Amino acid sequence: MNRVLKHLGCQYPILQSPMGWIARSQLASAVSDAGGFGMIETSSGEVDNCKQEILKMREITDKPFGVNLPLMLLADDQMIDFVAQQKIRFVTTSAGNPEKYIKRLKDAGIITYHAVANLKGALKAIKAGVDGLIVEGSEGGGFKNPDEVSLLVLLQAIRAHSDIPMIAAGGIVDGNGMAAAFALGAEAVQMGTRFVSCQESPVHENFKQAIVDCEDTGTVIVNRNGRPILRALKTESTNAFVRVNKMPDDTLWKIQQLYFDGDMEASVAIAGQSAGLINQVDTARQIIENTIEQFFSAQQKSAERATKLSF
Ligand SMILES: Cc1cc2nc3c(=O)[nH]c(=O)nc-3n(C[C@H](O)[C@H](O)[C@H](O)COP(=O)(O)O)c2cc1C
């Protein structure tokens, strides 16, 4: 069993990304029940609802799951206290420096992985004492670092400096992407866009269909002259924001209209370049089982292509 899987305690090294409002018990329990690792978000800032979702997970699944703590977005320490009280075994931290919180999390027996987007951030997190890293390439959906580093480069850059356990995120939708990440030292993968568009995801059908219809060139970095910078689907709205490199300040306040009412122009349809690889809406179980099967077949094909006699 690899190191990340030991930390997660689930069957397969596949995590579902934490995603504001989306990564709640309906989706996370489907992923955990299928042998993957469901994550509950707290980036929505809806503290009471997120606490309820964590409690609900305990009722509807007996499988392990984790919680994401976006450090800079936490108004106070109550979510950290709650996670410790609830004896959540695995958290990911993001958006901020884990140094301030790592001792508390470790004292509570919580395994902590920090999300990083470049080598400097990775080295800082390692120094702070995290147990592992979520290595997030710039091709992924979500908030982005202005210095874009692709997953392919980032995994190698980090591995050249440290043997820390890595979970690869960004651009992965199946066993081929998973095999590529493992070849570069990852011991698990995290998928966001793939699970947004799965059957158990709570988002509106319009959003799922837009992901299915998306081509490889169908996403764009939005808000380069503002904060947060993010990757989203190209729509009339995002194309207009890109022309001025800025999105209106209230854009993210309206994101639930897009996610749940299906108004694709109301806000930004956060998604990764991986949308270009997704062709249908599958269940979480289909995604996980197909990914694992394809992963082993990709490993075998790769070994066949790479014998001494082949070049
Ligand atoms: C719709 C959507 C919302 C996201 N929201 C969050 C979030 O709230 N917090 C977070 O840490 N990451 C968020 N992410 C980023 C994911 O955690 C992950 O890094 C990313 O999805 C990986 O790339 P992929 O989409 O190609 O799989 C979001 C991603 C998507 C697609």
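Description of the structure in this document. (Residues numbered from 1 in each chain as written. Predicted model: local features only at pLDDT ≥ 70, side-chain atom pairs only at ≥ 80, totals over all residues. Heavy atoms only, no water.)

Some remarks on the nonpolar core
Right, on to step 1. Membership of the largest hydrophobic core comes to 62 residues, with the highest contact counts inside it found for Leu-133, Ile-158, Phe-195, Phe-207, Leu-233, Tyr-259 and Val-268.
Right, on to step 2. Broken down by element, the residue count for this core peaks at six residues, all from helix H13 (residues 284-305). (Core = buried A, V, L, I, M, F, W, Y, C linked by side-chain atoms within 4.5 Å. Buried < 20%, exposed > 50% of the residue type's maximum accessible area, 1.4 Å probe, protein only. Helix = DSSP H or I, 4+ residues; strand = E, 2+ residues; numbered from the N terminus.)

Here we look at helix H4 (residues 78-85)
Right, on to step 1. Among all positions of H4, only Met-79, Ile-80, Phe-82 and Val-83 are buried. In an axial view of H4, the angular spread of the buried residues amounts to 160°, which keeps them on one side of the axis.
Right, on to step 2. Those residues of H4 hidden inside the fold are in contact with helix H3 (47-60), strand S3 (65-70), strand S4 (90-94) and helix H5 (99-107).
Right, on to step 3. Positive phi shows up at Lys-87, right after H4, with a value of about 55°. (Arc of directions from axis to C-beta. Contact = heavy atoms within 4.5 Å.)

Describing the sheet that holds strand S11 (residues 229-233)
Right, on to step 1. Across the sheet, which stays open at both edges, the three strands sit in the order S7-S11-S10 with antiparallel pairing between neighbours. Two strands bound the open sheet, and with one partner strand each, they are strand S7 (142-144) and strand S10 (219-222). Pairwise comparison of adjacent strand axes, ignoring direction, gives a mean angle of 35° for this sheet.
Right, on to step 2. As paired elements, S7 and S11 share three bridges and run antiparallel to each other. Bridging across to S11, Phe-143 finds its partner in Leu-230. (Pairing = 2+ DSSP bridges. Axes fitted to C-alpha atoms, helices over the stretch in contact; angles between N-to-C directions.)

Focus on the environment of Ala-157
Right, on to step 1. Following the sequence through the fold, Ala-157 ends up in helix H7 (residues 151-159).
Right, on to step 2. By relative accessible area, which is 23% here, Ala-157 ends up partly exposed.
Right, on to step 3. With 27 residues separating them along the chain, Ala-157 and Leu-184 place their C-alpha atoms 9.8 Å apart.

Comments concerning the environment of Gly-35
Right, on to step 1. Relative to the helices and strands, Gly-35 is located in the loop between helix H2 (25-33) and strand S2 (38-40).
Right, on to step 2. Along the backbone, Gly-35 and Val-244 are 209 residues apart, and their C-alpha atoms lie at a distance of 44 Å.

Points about the site of the ligand
Right, on to step 1. Taken together, 23 residues sit near the ligand, with Ser-43, Glu-136, Gly-192, Thr-193 and Ser-274 positioned nearest.
Right, on to step 2. A distance of 2.5 Å is found between an oxygen atom of the ligand and a side-chain nitrogen or oxygen belonging to Thr-193.
Right, on to step 3. Protein contact buries 92% of the 600 Å² of open area that the ligand shows by itself.
Right, on to step 4. For the shell around the ligand, the secondary-structure elements that each account for two or more residues are strand S9 (188-191) and helix H9 (193-196).
Right, on to step 5. Its residues assigned to classes, the shell around the ligand comprises eight nonpolar, 14 polar and one charged. (Near = heavy atom within 4 Å. Polar contact = N/O pair within 3.5 Å; in protein donor to acceptor, adjacent residues only side chain to side chain. Areas by Shrake-Rupley, 256 points an atom, 1.4 Å probe, with all protein chains shown as cover. Nonpolar A, V, L, I, M, F, W, Y, C, P; charged D, E, K, R; others polar.)

Looking at the pattern of salt bridges
Opposite charge on two side chains lets them pair, provided their charged atoms get close.
Right, on to step 1. Taken as a whole and judged by the stated rule, the model has 15 salt bridges.
Right, on to step 2. Asp-62 is paired through a salt bridge with Lys-63; the nearest N and O atoms lie 3.7 Å apart.
Right, on to step 3. In this structure Asp-62 comes out as exposed when scored by relative accessible area, which is 72%.
Right, on to step 4. Between Arg-285 and Glu-289 there is a salt bridge, and its shortest N-O distance comes to 3.5 Å. Taken together, the residues span about one helical turn, with Arg-285 and Glu-289 both in helix H13 at a distance of four residues. (Salt bridge = Lys/Arg side-chain N within 4 Å of Asp/Glu carboxyl O.)

Some points on a negative patch on the surface
Right, on to step 1. On the surface, Glu-236, Asp-261, Asp-263 and Glu-265 cluster together into a patch of negative charge.
Right, on to step 2. Looking at the secondary structure, you find Asp-263 in the loop between helix H12 (255-261) and H13.
Right, on to step 3. Asp-263 sits in the partly exposed class, given a relative accessible area of 37%. (Patch = residues over 30% accessible without salt bridge, like charges linked within 9 Å, V, L, I, M, F, W, Y side chains within 5 Å. Lys, Arg positive; Asp, Glu negative; His and termini not counted. Charge placed at Lys NZ, Arg CZ, Asp CG, Glu CD.)

Some thoughts on the sheet that holds S4
Right, on to step 1. With parallel pairing, the eight strands of this open sheet are ordered in space as S1-S9-S8-S6-S5-S4-S3-S2. Two strands close off the open sheet at either side, each with one partner strand: strand S1 (14-16) and S2. Ignoring which end each strand starts from, the neighbouring axes of this sheet average 25° apart.
Right, on to step 2. Where S2 lies against S3, three bridges are found, and the strand directions are parallel. Opposite Ile-40, over in S3, you have Val-67 as the bridge partner.

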